[in-house]
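These are the residues of each chain, in order.
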Protein chains: 2
Amino acid sequence: MAYAYWKSGKTNAYAVFDLFFRKNPFNGEFTIFAGLEECLKFLQKFLFSESDIYYLQQILPPSIEEEFYKYLKSLTAKDISLYAIKEGTVVFPRVPLIRIEGPLIIAQLLETSLLNLVNYASLMATNAARFRMAAGKLKLYEFGLRRAQGPDGGLSASKYSYIGGFDGTSNVLAGKLFNIPVKGTHAHSYITSFNSLTELNTTTLIPKQRKEAQDFCTVAVDWREKLVPIFNVVLSEVSDGELAAFISFAIAFPNDFVALVDTYDVKKSGLLNFCAVALALHDFDYRAIGIRLDSGDLAYLSIVAREYFIKISNKYSVPYFAELMIMASNDINEETILSLNDQGHCLNSFGIGTHLVTCQKQPALGCVYKMVELNEEPRIKLSQEVAKVTIPGKKNVYRLYSETGYALIDLLQRCTENPPVTNQKVLCRHPFVESKRAFVIPSRVENLLHLFWKNGEVCHPLPNLQDIRENVKNSLKILRSDIKRTLNPTPYKVSVTDNLYNYLHNLWLENAPIGELS
Amino acid sequence: MAYAYWKSGKTNAYAVFDLFFRKNPFNGEFTIFAGLEECLKFLQKFLFSESDIYYLQQILPPSIEEEFYKYLKSLTAKDISLYAIKEGTVVFPRVPLIRIEGPLIIAQLLETSLLNLVNYASLMATNAARFRMAAGKLKLYEFGLRRAQGPDGGLSASKYSYIGGFDGTSNVLAGKLFNIPVKGTHAHSYITSFNSLTELNTTTLIPKQRKEAQDFCTVAVDWREKLVPIFNVVLSEVSDGELAAFISFAIAFPNDFVALVDTYDVKKSGLLNFCAVALALHDFDYRAIGIRLDSGDLAYLSIVAREYFIKISNKYSVPYFAELMIMASNDINEETILSLNDQGHCLNSFGIGTHLVTCQKQPALGCVYKMVELNEEPRIKLSQEVAKVTIPGKKNVYRLYSETGYALIDLLQRCTENPPVTNQKVLCRHPFVESKRAFVIPSRVENLLHLFWKNGEVCHPLPNLQDIRENVKNSLKILRSDIKRTLNPTPYKVSVTDNLYNYLHNLWLENAPIGELS
């Protein structure tokens, strides 16, 4: 396509493209925009290498003129301007997330990469934000690397789930690259690698604040015997291998002891072994963190575990024991969390993998990249489906706010129009339905599109991951809760000015078919 | 976990891990194993860099002994042995796709990366193979980069869809890196970038086998006028911009002319403009390739287009015109293709994006990595769900074939057992259901697990992409068609020897709970 453009003399044609989506994902009514920083990095590095050119020469027809390859070799993104909404902002269908202006061929060559970099990033950030809303104040950890769509899919998942509100990841490389808190526990294989207490290599631990190691193993074993009546089990059916595994893990991480308690039987073995080791740690002046449940009825088991923790807390006067962390991590999705909330549970945190990182409910966001102007002439893509008609022309986007600080509506207008003014009424029209229109008096007007790239340079300060994460949080606060709810959320309105409405519909009319209504 | 293993003195423990899945994806009864080459590359490069160690020192507790970091620094995969099934082989639940043997800590550290590299690769290859079966002999092109889960997700999608039976990709970088045929057309924006014939920069084309350029534009315009009666349209409603775009594309690619015909109206504009330009190309001794449909009723429009092509072929005696390619590319999934097959259509090829590359129907394969042996002692992971109980011990896998060449059953057995012998009966048992067992007399026995990595080197020849693709094709041929069908496919059986059955169940019994049936 680039060659055909070039051959048609469109090398210096000046194009404007909008990058936007048509439908919010996950049956929701909002989306978090993400991926901008990666788009800018891509612009910085955009070029055809010698080997790229060589490859193209092999696969393209021999009729392609040599001059074209010289032209390709000279291409960079320096003549491109990129306007975008700030990363981490809540966005809606038809709003341009990115507006690209510049030489047609270059702008066109960027299409697929920009779409690739925005689609998954925004989908992931949105998915994570939805988990965050479902989970309330509970801790959320991304545990998805093993199920992600490729190694890079895994890294992106860690990054954008952190942006969307997760508290950390088990992906250590993501922690290193993006400075995201890292959190992990052990696997079932750690537990099954121990058969009995005799396998323990180290049985001693230095109590906190002291210097001399003391026998830790015996203390834990004694605690287990003491606890047997509370748990109402027969000691012979409690796994010794599991206890050995817990003891060895506690000795390795006395300040960070989290135990996976469902390898054998949560109620008959895991909880008892955990409590024994946690109380032994207490005797050594350390505090256990808690447990992880990876199977079974999570609501029920968490309540059982909490009851034991409280009973022990009271019986042995260890106040923090009542509050030990209970983490769940078995194939959890948004619905699981909402259902756990309904049932009642005693969980403090979730480790979430597959459903988060592959966005199982909807694994792709449908961003598109459409030409809206060429050489200052508007371009429109018509379609038998009204929803697929593009809004032509170079546009700005404003978000209008109510007195109470909520976002009322987004307004698209032509770049030649003056921006809306605070406390003055502005006519906001549905882009396609004539009867849908309203006057809005904004208490605050926010310009959403900012110039991020010009003359080959990033020209707007880029926030760090923390700032983007903050932006997601704040951005969601300005949405009314009925727009954010899971069941039948209210759509947020995206409108056009009267001027843009007429511009769009006049152009549409000019292109209307003759002869029949379709 | 690695530190806890180290601290517990398990540095030299020798572990065997199986990598396998529990359920075929996409409601199907088969899976294509892929990703092995990437796993081997990962083993080649496995190490902790200085900066990795530095990072770990920052995030791990200060109590971690310095010796441990020295140990990490020394780690490589040279003491690991990797057995695997050949890439591109059809595989089934519970069969170890990869068996890893070696020092426990290293084997454990490989877990997440190996799972990541196998899960998506196998899922994609399986998805592509299913599309291939649905599409029969039609051409299939992967068009998914823009919707893939990250840039690497896009590259992997191109690679593994080619393995699974696709004919090419629109991802040029994948073409370059993996030597996959590249195929693309133009976008709607190419069409809308032209408003009228006056915009054409070049209007001439050199006829094939000649040297002098002749006026191509006028020939095409003349053809259009001639064709108007056939298409039963009013010339004024046929888009001139579209014609200009087609002419310019044909001039750029006279041997590769494919036109996107649905920008304005397929029946009233796109088809007529395409035929005019294709006939002009014919006058210049070139052959057009065909059209692409990206919206609307694909079955109906393809039939309409084919009818016009045949009419023109007959009227103007251009035989190949009747056979021009008709490609469809609008959000196509496996069901769309099956439904198009039912309706009847005249399509020759599909360009497939989102549903293929994100595996929308099921975006993750659930491979797991379980320890089955430690220091020559079997390890078993029990679970309240029988399907989650692991089959302990170091195992080999044999595929038993019938006289007619079909695969009858896969048989897992302990490594200490002799392999099954051709034409001798062997007892194959369901691993968990005592009553399910049968004697099988194989006409051929195939050993599925091969040693691919030992002493730090790849020790089995690695096939190229073409060979793997061939393997997928041949491997699917040995499956009975009822196992491969879309609706209610028959499950293929995976069995264990009597010896392994008893080994598994004795171990299970040793670990049985006391006191109640659960």
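Look a little higher up for the structure.
Since we're looking at a predicted model, the values are computed, not measured.

Student: Got a sec to walk through the sheet that holds strand E21 (residues 450–454) of chain A? Specific residues and values, please.
Tutor: Within a sheet, each strand pairs with its neighbour through backbone hydrogen bonds, oriented either parallel or antiparallel. Residue and element names in this part refer to chain A. With antiparallel pairing, seven strands are arranged side by side in an open sheet as E15-E14-E1-E5-E3-E21-E22. Edge positions in the sheet fall to strand E15 (377–378) and strand E22 (457–458), since each has one partner strand and no second. Lying on the sheet, helix H2 (residues 36–45) is in contact with strand E3 (81–84), strand E5 (98–103), E21 and E22; it crosses E21 at an angle near 25°. Each of strand E1 (14–20), E5 and strand E14 (368–374) touches helix H5 (residues 104–135); the most contacted strand, E5, lies at about 155° to it.

Student: Just give me the short version of the pairing of strand E21 (residues 450–454) of chain B, but keep the residues and values in it.
Tutor: All names here are of chain B. Pairing of strand E3 (residues 81–84) with E21 involves three bridges; the strand directions are antiparallel. When the sheet's bridge partners are listed, Ala-84 is paired in E21 with His-450. What sits between the antiparallel neighbours E21 and strand E22 (residues 457–458) is a turn of two residues, in which Asn-455 has the positive phi angle 50°.

Student: Explain the relation of the copies chain A and chain B to me, and be specific about the residues and the numbers.
Tutor: With an RMSD of 0.0 Å, chain A superimposes on chain B once it is rotated by 180° and translated 0.0 Å along the axis. In symmetry terms, the pair is related by a two-fold rotation axis.

Student: Run through the interface of chain A and chain B, naming residues and quoting values.
Tutor: On the chain B side, the residues contacting the 89 residues of chain A number 88 residues. In this assembly, chain A packs against chain B so that about 7300 Å² is buried in total across both faces, 55% of it on carbon and sulfur atoms. Here chain A is connected to chain B by six salt bridges. Between Glu-199 of chain A and Lys-10 of chain B there is a salt bridge, with its nearest N and O atoms 3.3 Å apart. Across the chain A-chain B interface, the total number found is 39 residue pairs in polar contact (both at pLDDT 80 or more). In terms of residue count, H5 of chain A provides more of the side of chain A that touches chain B than any other element does, nine residues in total. Of the residues contributing to the side of chain A that touches chain B, the split by class is 40 nonpolar, 31 polar and 18 charged.

Student: Account for the pattern of salt bridges, naming residues and giving values.
Tutor: Per the counting criterion, the structure on display carries 42 salt bridges over all chains. Between Lys-176 of chain A and Asp-52 of chain B there is a salt bridge, with the nearest N and O atoms lying 2.6 Å from each other. Here Lys-176 of chain A is found in helix H7 (residues 172–178), whereas its partner Asp-52 of chain B is found in helix H3 (residues 50–59) on a different chain. One salt bridge connects Arg-292 of chain A with Asp-294 of chain A, and the closest N-O pair in it is separated by 3.8 Å. A relative accessible area of 10% means that Arg-292 of chain A is categorised as buried. Residue classification places Asp-294 of chain A among the buried positions, given a relative accessible area of 18%.

What counts and how
Residues numbered from 1 in each chain as written. Chains lettered and ligands numbered in written order. Predicted model: local features only at pLDDT ≥ 70, side-chain atom pairs only at ≥ 80, totals over all residues. Heavy atoms only, no water. Pairing = 2+ DSSP bridges. Helix = DSSP H or I, 4+ residues; strand = E, 2+ residues; numbered from the N terminus. Contact = heavy atoms within 4.5 Å. Axes fitted to C-alpha atoms, helices over the stretch in contact; angles between N-to-C directions. Least-squares fit on C-alpha atoms with pLDDT ≥ 70 in both. Buried area = accessible area lost by both parts, 1.4 Å probe. Salt bridge = Lys/Arg side-chain N within 4 Å of Asp/Glu carboxyl O. Polar contact = N/O pair within 3.5 Å; in protein donor to acceptor, adjacent residues only side chain to side chain. Nonpolar A, V, L, I, M, F, W, Y, C, P; charged D, E, K, R; others polar. Buried < 20%, exposed > 50% of the residue type's maximum accessible area, 1.4 Å probe, protein only.

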